[in-house]
Structure formats: C-alpha cells, structure tokens
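# Fold and geometry: a report
The lines below spell out each chain.
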Amino acid sequence: MRIRRILAAVIATAALAGIGLTGAVTASAASLTPGECEQGGGTVNFANNTCKGGMFDGQMVD
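Residues numbered from 1 in each chain as written. Predicted model: local features only at pLDDT ≥ 70, side-chain atom pairs only at ≥ 80, totals over all residues. Heavy atoms only, no water.

Turning our eyes to something else, we now look at the overall build of the chain. The helix and strand inventory of the chain stands at two helices and four strands. The N-to-C order of helical and strand elements in the chain reads α-β-α-β-β-β. Considering the chain as a whole, with its 62 residues, one finds that 13% of them fall into the buried category. In the chain, 29% of the contacts between residues at least 6 apart in sequence involve partners at least 24 apart. By element, 66% of the accessible surface of the chain is carried by carbon and sulfur atoms, the whole surface being about 4800 Å². (Helix = DSSP H or I, 4+ residues; strand = E, 2+ residues; numbered from the N terminus. Buried < 20%, exposed > 50% of the residue type's maximum accessible area, 1.4 Å probe, protein only. Contact = heavy atoms within 4.5 Å. Areas by Shrake-Rupley, 256 points an atom, 1.4 Å probe, with all protein chains shown as cover.)

Here it is in structure tokens:
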C-alpha cells in the first residue's frame, strides 16, 4: 500500500514536470538562431528575419 502511494506521487510529479517542460520548449521555440534554421534544412531570409524552408519555415530568426 505504501509503495502504491509513493509510486502515485512520483507519477504525479513527473506529469507536472512534463507539463512545465513542454511550456518551456514552446516558449523557447519562438525565435531561432541562424544556425538552428540551417540545421533544420532552411535558409535565413535576412530581409524579414525569418527562416525559409525546412522544418522551421516561417519562424523568426534572431
């Protein structure tokens, strides 16, 4: 019985931490570096500071 409570607490903590990590990843993905754009298969369009093509197509570049 005690082990079940501990296991439930660990799972609940992991779930809450996962939600926090997902939010952090989403927030940090808002702006890319030129290298990240190129690694994703795109090219940097410096005229409007966006990534053109690849997996980050249309995202802002710092």
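Counted under the stated rule, the structure contains one disulfide. Here Cys37 engages in a disulfide with Cys51; their sulfurs sit 2.0 Å apart. Its S-S torsion of about 85 degrees marks the bond between Cys37 and Cys51 as right-handed, since a negative value means left-handed. One end of the pair, Cys37, is in helix α2 (residues 34-39); the other, Cys51, is in strand β3 (residues 50-52), with 14 residues separating them in the sequence. Across the pair, Cys51 and Cys37 agree in class, each one buried. (Disulfide = S-S within 2.5 Å.)

Mapped onto the elements, Val44 comes out in strand β2 (residues 43-45). In sequence terms Val44 and Met60 are 16 residues apart; their C-alpha atoms lie 9.4 Å from each other.

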